[in-house]
Amino acid sequence: MRLALAQINSTVGDLEGNRDKILSMVEQAHGLGVDLLAFPELCLTGYPPEDLLLKPQFILDNLKVLAEIIPRCRGLTVILGFVDQDQDIYNAAAVIHDGQHQGTYRKMFLPNYGVFDEERYFRAGREISVFSLGEVKVGVNICEDVWYPEGPHHFQALAGASLIVNLNASPYHAGKREQREKMLATRALDNRVIVAYVNTVGGQDELVFDGQSFVVDPEGQVIARAGAFREELLVVDLHPEAVFRTRLHDPRHRKQPILPEAADAGVNLVVLGAEPRPGQKPRVEPRVAPPLSEEAEIYAALVVGTRDYVRKNGFTKVLLGLSGGIDSSLTAAIAADALGPENVIGVLMPSPYTSQESVEDALELARNLGLRTLTLSINELFSTYQSVLADPFRGREGDVTEENIQARIRGNLLMALSNKFGWLLLTTGNKSEMSVGYATLYGDMAGGFAVLKDVFKTKVYALARYRNSLGPVIPERVLTKAPSAELKPDQVDQDTLPPYPLLDAILEAYVEQDLPYEEILSRGFDPETVKRVIYLVDRSEYKRRQSPPGVKITPRALGKDRRMPITNRYRGF
């Protein structure tokens, strides 16, 4: 059997555009002699469609477009994700054989944690089916279904399925590929079955999908893997009869009950048609794309997440403030790689406290990347603000207010350029700063997309060095000088915050792992420092609620993953 996994980049709500991508892959699969072609979860609607699912017309339109696709799938079997409707709505997979809709599988395990809200929208399916293509029996299920050891795949295997096809829209975070592959290797080995995992790719608001679709044999070995963060048709020749031979030597399934308690009935058998005809097929070399390093994977996620957010929302150009610091330098490099340097405008906005070195570093970065730059001094505007506010501020010493005024002047200038020219403004703050509120509302937080929102400061440096390994663009001085907001004389971030390696370690424990105060202390941190960091994180929730979306990189991103009340007096110490 020749199997193909269509790793495509769907756009939420673009039913016609998604249809065209699907049909293009169907045509390509025809030319390669593919017998069974699988697409990702909800590839027709894009994932996650969120409250579009509360619009009845959207559901009907999705069904209408599915009806247009079905007759154009002649000559092979196609499995694709869509929204099914029958008194309620379901996250479903259509099984199309030779231009006929022969069956539907409805997702049984609906995730409702982290970034997932599927119980808000869908009813869980209750029927398990196996689809027979000649002598080959295929089990179809969707994403979360396969994460449970005794999910539908288990009963499909007991009912004779030698191939399990699992449709996914699995969002990326660092380390997730290894987690998926280990889990599915266990499923394949325990059930002595081939598992094909097809995942979507591309960015959708805060989420980015890495693809990396793969096939695992009954021994738990990865025999095919698609590349990361790119569209691809992964084609592999399978030998399902080998599953039978394997099971003869591993008779555990003979001891298992075949009827799942979770299903209203047993496992339904749907006969699709005759087995695939051998015919003459072009040779296909098995492809196992090598995994990326951690920095390469995260960098690719940021590039794809940025590119798709900009382009899918109808923008062609972006701008950002260039300070000569590490965050704006890395953001500029990502934007240039995502969109092309000709579509990125860097804006220098020196103040009375901006060092000459920072200006030089910003201009060198722009030259290295090939960016257009604008220089707009804020000195006169800052003086005007100080003059206007002199009377109400009389008798009070300068403080963070004056620092924030400078940031807000810059935010106003950047938004003016964005409005006038239709450029999307990228903010440059990182996760360390956003966690503790080291950012200015309506100042450096102003913008449409926060590229580094889920990247800790220490990881920013690692990513910058990774980018320079591909070709030096970020000046070395940017990587070695002390980070500073340059909003007052001789200012460095460490005047206000703990050193970033220390801060990030505490944030990893408190934000990412939700560890209590006492357990964080057990790691050897100073009690007062931990209390201060926790206090800063908790009191800054109101700022984060007003920040732009950014690419999810960690398992616990600020926003959809971590949902804390703004009004909150609990401290835990």
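Just so it is clear, the model here is predicted, and its values are computed rather than measured.

Colleague: Would you mind going over the packing of aromatic side chains with me for this structure?
Modeller: Pairs of aromatic rings are described using the distance from one ring centre to the other and the angle between the two planes. Inspection of the entire model under this criterion finds 9 aromatic pairs. Ring geometry for Tyr-197 against Phe-214: centres 5.0 Å apart, planes inclined by 25°, an arrangement best described as stacked. Placement of Tyr-197 in strand E9 (residues 194-199) and of Phe-214 in strand E12 (residues 214-216) is noted, with a sequence separation of 17 residues between them. Measuring from ring centre to ring centre gives 4.6 Å for Phe-421 and Trp-423, while their planes differ by 20°; the resulting arrangement is stacked. Residue classification places Phe-421 among the partly exposed residues on the basis of a relative accessible area of 48%. Taking relative accessible area as the criterion, Trp-423 reaches 6% and is therefore assigned buried. The residue whose ring lies beneath Arg-106 is Tyr-90, and the NZ or CZ to ring-centre distance is 4.0 Å.

Colleague: Looking at this structure, how should I read the packing of helix H15 (residues 500-512) against helix H17 (residues 527-539)?
Modeller: When two helices pack together, their arrangement is captured by the angle between the axes and the distance separating the axes. Relative orientation of the contacting elements H15 and H17 amounts to 65°, with a least axis distance of 10 Å. Judged by the sense of rotation from one axis to the other, the crossing of H15 with H17 is right-handed. Listed contacts from H17 to Leu-502, Leu-503, Ile-506, Leu-507, Tyr-510 and Val-511 of H15 are Thr-529, Val-530, Val-533, Ile-534, Val-537 and Asp-538. Looking at the contact of H15 with H17 residue by residue, the classes come out as 10 nonpolar, 1 polar and 1 charged.

Colleague: Would you explain the side chain of Glu-118 in this entry?
Modeller: Mapping Glu-118 onto the fold places it in helix H3 (residues 118-121). The residues contacting Glu-118, other than those within four sequence positions of it, are Glu-41, Tyr-47, Asn-91, Lys-107, Leu-110, Pro-111 and Asn-112.

Colleague: What am I meant to see in the side chain of Arg-177 here?
Modeller: Mapped onto the elements of the fold, Arg-177 is located in helix H5 (residues 176-191). When neighbours within four sequence positions are excluded, Arg-177 is seen to be in contact with Gln-212, Arg-225, Pro-291 and Glu-297.

Colleague: Help me understand the environment of Gly-314 in this model?
Modeller: Within the element layout of this structure, Gly-314 appears in the loop between helix H7 (294-312) and strand E16 (318-321). With a relative accessible area of 63%, Gly-314 lands in the exposed category. Along the chain, Gly-314 and Leu-424 lie 110 residues apart, while their C-alpha atoms are 9.7 Å from each other.

Colleague: Sorry, what's going on with the sheet that holds strand E17 (residues 344-348) here?
Modeller: Think of a sheet as strands paired side by side through backbone hydrogen bonds, with each pair either parallel or antiparallel. Read from one edge to the other, the open sheet built from 5 strands follows the order E18-E17-E16-E19-E20, with strand pairing classed as parallel. The open sheet is flanked by strand E18 (372-375) and strand E20 (449-450), the only strands paired with a single partner. Across 2 bridges, the pairing between E16 and strand E19 (residues 424-427) is parallel. When the sheet's bridge partners are listed, Val-318 is paired in E19 with Leu-424.

Colleague: What exactly am I supposed to notice about unusual backbone geometry here?
Modeller: Excluding glycine, residues mostly have negative phi values, and the peptide bonds linking residues are mostly trans. Cis peptide bonds are those with omega within 30 degrees of zero, and the linkage from Tyr-47 to Pro-48 qualifies with -5°. Looking at the secondary structure, you find Pro-48 in the loop between strand E2 (36-38) and helix H2 (56-69).

Colleague: Explain the environment of Asp-399 to me, please; I cannot follow it from the model alone.
Modeller: Mapped onto the elements, Asp-399 comes out in the loop between helix H10 (379-388) and helix H11 (400-421). The exposure class assigned to Asp-399 is partly exposed, which follows from its relative accessible area of 42%. Note: C-alpha distance between Asp-399 and Phe-229 (170 residues apart in sequence) is 45 Å. Of note is the side chain of Asp-399, whose polar atom sits 2.8 Å from the side chain of Thr-401.

Colleague: Looking at this model, I keep getting lost on the pairing of strand E1 (residues 2-7). Mind explaining?
Modeller: Two faces, one strand: in a regular strand the side chains alternate between the faces of the sheet. Among the 6 residues in E1, 6 count as buried, and that is most of the element. Looking at chain direction, E1 and strand E14 (residues 232-237) are connected through 6 bridges and run antiparallel. Across the sheet, the residue bridging to Ala-6 is Leu-233, located in E14. Pairing of E1 with E2 involves 3 bridges; the strand directions are parallel. From the neighbouring strand, Leu-3 faces E2, where its bridge partner is Leu-36. Viewed along the sheet, the connection from E1 through helix H1 (residues 15-31) into E2 turns out right-handed.

Colleague: I tried to follow H17 on my own but got confused; where do I start?
Modeller: Along an α-helix, residues three or four positions apart point the same way, because every turn accommodates 3.6 residues. For H17, which comprises 13 residues, the first-to-last C-alpha distance of 18 Å matches the rise-based estimate of 18 Å (1.5 Å per residue) to within 8%. All of the buried residues along H17 are Thr-529, Val-530, Val-533, Ile-534, Leu-536, Val-537 and Asp-538.

Colleague: Got a minute to help me understand the packing of H7 against helix H8 (residues 326-339) in this structure?
Modeller: Two elements in contact, H7 and H8, have axes whose closest approach is 8 Å; the angle formed by their N-to-C orientations is 65°. The handedness of the crossing between H7 and H8 comes out as right-handed. Residues Tyr-299, Leu-302, Val-303, Thr-306, Arg-307, Val-310 and Arg-311 of H7 pack against Leu-330, Ala-333, Ile-334, Asp-337, Ala-338 and Leu-339 of H8.

Colleague: Teacher, can you tell me more about the sheet that holds strand E5 (residues 100-106) here?
Modeller: Read from one edge of the open sheet, 6 strands run E5-E4-E3-E2-E1-E14, paired in mixed fashion. The sheet terminates laterally at E5 and E14, the two strands that pair on one side only. This sheet shows a mean twist of 30° between the axes of neighbouring strands, independent of strand direction. Summarising the sheet, strand E3 (residues 77-86) and strand E4 (residues 88-97) pair through 10 bridges and their orientation is antiparallel. Across the sheet, residue Asp-84 finds its bridge partner in E4, namely Tyr-90. Lying over the sheet, H1 contacts E1, E2, E3 and E14, oriented at roughly 35° with respect to E14.

Thresholds, definitions, all that
Residues numbered from 1 in each chain as written. Predicted model: local features only at pLDDT ≥ 70, side-chain atom pairs only at ≥ 80, totals over all residues. Heavy atoms only, no water. Phe/Tyr/Trp six-rings, centres within 6.5 Å; stacked < 30°, edge-to-face > 60°. Helix = DSSP H or I, 4+ residues; strand = E, 2+ residues; numbered from the N terminus. Buried < 20%, exposed > 50% of the residue type's maximum accessible area, 1.4 Å probe, protein only. Lys NZ or Arg CZ within 6 Å of the ring centre and 35° of its normal. Axes fitted to C-alpha atoms, helices over the stretch in contact; angles between N-to-C directions. Left-handed = near helix turned anticlockwise from the far one by under 90°. Contact = heavy atoms within 4.5 Å. Nonpolar A, V, L, I, M, F, W, Y, C, P; charged D, E, K, R; others polar. Pairing = 2+ DSSP bridges. Polar contact = N/O pair within 3.5 Å; in protein donor to acceptor, adjacent residues only side chain to side chain. Right-handed = clockwise from strand over helix to strand, strands pointing away. Expected span 1.5 Å × (residues − 1).

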